[in-house]
Amino acid sequence: MFLEVKGLDVFYGTMQALWDVSLAVDSGEIVALLGANGAGKTTLLRTISNLISPAKGKILLRDQDLTGIPAHRIVSLGVSHVPEGRRVFAGSTVKINLEMGAYPRRREKDLARRLESCLKMFPVLRERLDQSAGTLSGGEQQMLAIARGIINEPKLILLDEPSLGLAPLVVKSMFEIVSSIQRQGIAVLIVEQNAVRALEIADRAYVLQNGRIVLSGKASALLAEPEIKKAYLGL
């Protein structure tokens, strides 16, 4: 497996948020992480990125232990994190936002090629390069956030609620974008409230409930089982 999370316990002060959480993401696959609000999904992504330090457990990337490695070094190792809420630099242009995403590899000669690759994937951003990111629509800001996340050609991208707050037509486009990222050979760990759409594009899935993994398996199997859908997915 490209990424392995083993037995994570995570606390916020004295309050425990994750209990003995384990999961894995193989190279080039989409893995969905589902669960209700407050289940611990965002906490898990933030722990993988080392924005939060676990109290127990390991995070292995190609068998390398990431525990204690600074977040910027994890980016350099091939893991990109697109947080919930897009978090674009609203007062800066689209181009500067993309260049900020490229910061770990900014001195490499192929930066222009990587920028062009992002603009081919998100042609609307080419038209907005000199526009302030804060003036983009919600869907365009989400595209910018994802483009900023893939400009360094990561091996794994963590997507936190990419469809949140978007219009239905834009949501459809967003899931098509996630599938296209996979076709580029990038593994995806996606947190998503839209369980049906996430399971439709995912290879495998995990369900978090109250900070614990309560279910895992092939996405197609979870989507097809009525009792599982009712009990764990709210469907």
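It should be noted that the structure appears before, not after, this text.
Here we summarise the structure given alongside this text.

Turning our attention to the packing of helix H3 (residues 94-101) against helix H6 (residues 138-150). At a closest axis distance of 7 Å, the pairing of H3 and H6 adopts a crossing angle of 35 degrees. At the point where H3 passes H6, the crossing takes the right-handed sense. Contacts from Val94, Asn97, Leu98 and Gly101 of H3 reach H6 at Leu144, Ala147 and Arg148. Considering only residue class, the contact of H3 with H6 consists of 4 nonpolar, 2 polar and 1 charged.

For the rest of this paragraph, the subject is the sheet that holds strand S2 (residues 15-25). Pairing is antiparallel across the open sheet formed by 4 strands, whose spatial order is S2-S1-S4-S5. Looking at the sheet topology across the chains shown, the edges are occupied by S2 and strand S5 (64-65). Note: strand S1 (residues 3-12) against S2, 7 bridges, orientation antiparallel. Across the sheet, residue Phe11 finds its bridge partner in S2, namely Gln16. Contacts from helix H1 (residues 41-48) reach S1, S2 and strand S4 (56-61), with the element oriented near 115 degrees to S1.

Turning to the sheet that holds strand S3 (residues 30-34), a few remarks are in order. What the 6 strands build is an open sheet, ordered S6-S7-S8-S3-S9-S10; its pairing is mixed. Two strands in the sheet have a free side with no partner beyond their single neighbour: strand S6 (79-82) and strand S10 (212-218). Shown here is a sheet whose adjacent strand axes are inclined to one another by a mean of 15 degrees, direction ignored. Here S3 runs beside strand S9 (residues 204-209); their pairing, made up of 4 bridges, is parallel. Note that in S9 the partner of Leu34 across the bridge is Val207. Across the sheet, H1 is in contact with S3, S6, strand S7 (156-160), strand S8 (187-191) and S9; its angle to S7 comes to roughly 150 degrees.

Before going further, it helps to examine the nonpolar core. Formed by 49 residues in total, the largest nonpolar core has its most connected members in Leu98, Phe122, Ile146, Ile150 and Ile181. Ignoring any residue separated from it by four or fewer positions in sequence, one finds Ile181 in contact with Met121, Ile146, Ile150, Ile157, Ile186 and Val188. Within the second largest apolar cluster, 30 residues are counted, among which are Ala24, Leu44, Leu61 and Ile74.

A few words on H1. Counting buried positions along H1 gives 6 out of 8 residues, so the element sits mostly inside the fold. When H1 is considered as a whole, its buried residues turn out to be Lys41, Thr43, Leu44, Leu45, Thr47 and Ile48. After H1 finishes, the residue Asn50 shows a positive phi value of roughly 65 degrees.

For the rest of this paragraph, the subject is unusual backbone geometry. Positive phi, close to 70 degrees, is recorded for Asp63, a residue that is not glycine. Looking at where Asp63 falls in the secondary structure, it is placed in the loop between S4 and S5. Residue Asp63 is classed as exposed on the basis of its relative accessible area of 63%. Despite not being glycine, Glu161 shows a phi value in the positive range, around 55 degrees. Relative to the helices and strands, Glu161 is located in the loop between S7 and helix H7 (168-183). For Glu161, a relative accessible area of 7% corresponds to the buried category.

Each value, and the rule that gives it
- Residues numbered from 1 in each chain as written.
- Predicted model: local features only at pLDDT ≥ 70, side-chain atom pairs only at ≥ 80, totals over all residues.
- Heavy atoms only, no water.
- Axes fitted to C-alpha atoms, helices over the stretch in contact; angles between N-to-C directions.
- Helix = DSSP H or I, 4+ residues; strand = E, 2+ residues; numbered from the N terminus.
- Left-handed = near helix turned anticlockwise from the far one by under 90°.
- Contact = heavy atoms within 4.5 Å.
- Nonpolar A, V, L, I, M, F, W, Y, C, P; charged D, E, K, R; others polar.
- Pairing = 2+ DSSP bridges.
- Core = buried A, V, L, I, M, F, W, Y, C linked by side-chain atoms within 4.5 Å.
- Buried < 20%, exposed > 50% of the residue type's maximum accessible area, 1.4 Å probe, protein only.

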